[in-house]
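Given next are the chains, with one letter for each unit.
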Amino acid sequence: MKTIPIALTLMLAGSVPAFTQDVTKSPPPGAFKAVSSLVKLPDFLPGMGQLFVDPATLPAGPFLAYDHDGKLVSTVFMLPIKDLSPDKRFDDLAAPGGVVDHVSVYYNAGHPGVEEPHAHVVLWHVSKADEARVAK
Amino acid sequence: MRGKDDGAHVWFDPIGIRVSPGQMVRWTNRDPGNSHTTTSYHPAIFERPLRMPPGARPWNSDYLLPGQSFSVTFDREGVYDYYCVPHEHAGMVGRIVVGMPTPPAPSAEAGSANPVPEVALSAFPPVEEILAKGIVRRA
Ligand SMILES: [Cu+2]
């Protein structure tokens, strides 16, 4: 019965593409780590939520932000002000969070992980009213 | 240590204070959404320029989470400048004047591999103002 192991192998190989990387629930899969486990920051940041990032993508991200129920609310990119220059660009930043409702862009003075003034570019996956889910 | 919710502004409050020799200063992180440090300008800490009386002990709180505190007792008269590690480039610095230093000026800044950025240098309140008012808050 040599056919059985082969069939098994085919089945396993065939199942890999069907496995989607769902980031809509916390914690996200793959290389994403809780920001509070990487640097000394509060686990839940008022106005943002609970953040996850793949350390290899620092400082730009994407950072994935979740509410208190572990639902994805936004994807955040952190772009150092000094890198917004003629000599530098950010291309092909991953955006795995799905549908974007609206976008916020604002200045941040810095925090552990991105220790310099930078811009937060926030792709909100929820409505303006639902931003309240991560207000505090 | 304070900051706005969106992290656009961060500061020490007060930014300048005068104390007597032997008094203790305690920093508390009152910013709910960020970590801060209080770190003295001293060659022994991140090879920064000396901006405190020679011979006085340098300090570094490391990152303080919201609600956490750090204390330093100041025995030697003089002017002590300090900064917040992730926010020095946002001008988050402070100055402590101990006693009545002579001359009433900040310590000389020797050449350093990691000089103080202009945005921080311009943020220190004048020693004369701290001596006159005792407490100086961010404008
Ligand atoms: Cu700070």
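Note that this is a predicted model, so its numbers are computed, not measured.

S.K.: An account of the nonpolar core is requested, with residue identities and associated values reported.
M.R.: All names here are of chain B. Within the largest apolar cluster, 19 residues are counted, with the highest numbers of intra-cluster contacts made by Phe-12, Trp-27, Trp-59, Phe-74, Tyr-80 and Ile-96. Of all the elements in the fold, those that place two or more residues in this core are strand E4 (23-28), strand E6 (69-74), strand E7 (78-83) and strand E8 (93-98). Apart from residues no more than four positions distant in its own chain, Phe-12 is found in contact with Met-1, Trp-27, Thr-37, Thr-38, Tyr-82, Tyr-83, Cys-84, Met-92, Val-93 and Gly-94.

S.K.: Residues and numbers for the interface of chain A and chain B, please.
M.R.: Contact with chain A, which involves 16 residues of that partner, is made by 17 residues of chain B. Regarding the contact of chain A and chain B, the summed buried area is about 1300 Å², with carbon and sulfur atoms giving 58% of it. Together, A:Lys40, A:Pro46 and A:Ala109 form the three largest contributors to the area buried by chain A at its contact with chain B, with a combined 38%. For the pair chain A and chain B, the number of links is zero salt bridges.

S.K.: Run through the pattern of salt bridges, naming residues and quoting values.
M.R.: In this structure the tally under the stated criterion is 12 salt bridges over all chains. With a closest N to O distance of 3.3 Å, A:Asp130 and A:Arg133 form a salt bridge. Judged by its relative accessible area of 31%, A:Asp130 is partly exposed. You can call A:Arg133 partly exposed: its relative accessible area is 28%. B:Arg2 is paired through a salt bridge with B:Asp13; the nearest N and O atoms lie 3.6 Å apart. Linking B:Arg2 in strand E1 (residues 2-3) with B:Asp13 in the loop between strand E2 (10-11) and strand E3 (16-19), this pair joins segments that are 11 residues apart in sequence. On the accessibility criterion, B:Asp13 (30% relative accessible area) is partly exposed.

How each quantity is defined
- Residues numbered from 1 in each chain as written.
- Chains lettered and ligands numbered in written order.
- Predicted model: local features only at pLDDT ≥ 70, side-chain atom pairs only at ≥ 80, totals over all residues.
- Heavy atoms only, no water.
- Core = buried A, V, L, I, M, F, W, Y, C linked by side-chain atoms within 4.5 Å.
- Buried < 20%, exposed > 50% of the residue type's maximum accessible area, 1.4 Å probe, protein only.
- Helix = DSSP H or I, 4+ residues; strand = E, 2+ residues; numbered from the N terminus.
- Contact = heavy atoms within 4.5 Å.
- Buried area = accessible area lost by both parts, 1.4 Å probe.
- Salt bridge = Lys/Arg side-chain N within 4 Å of Asp/Glu carboxyl O.

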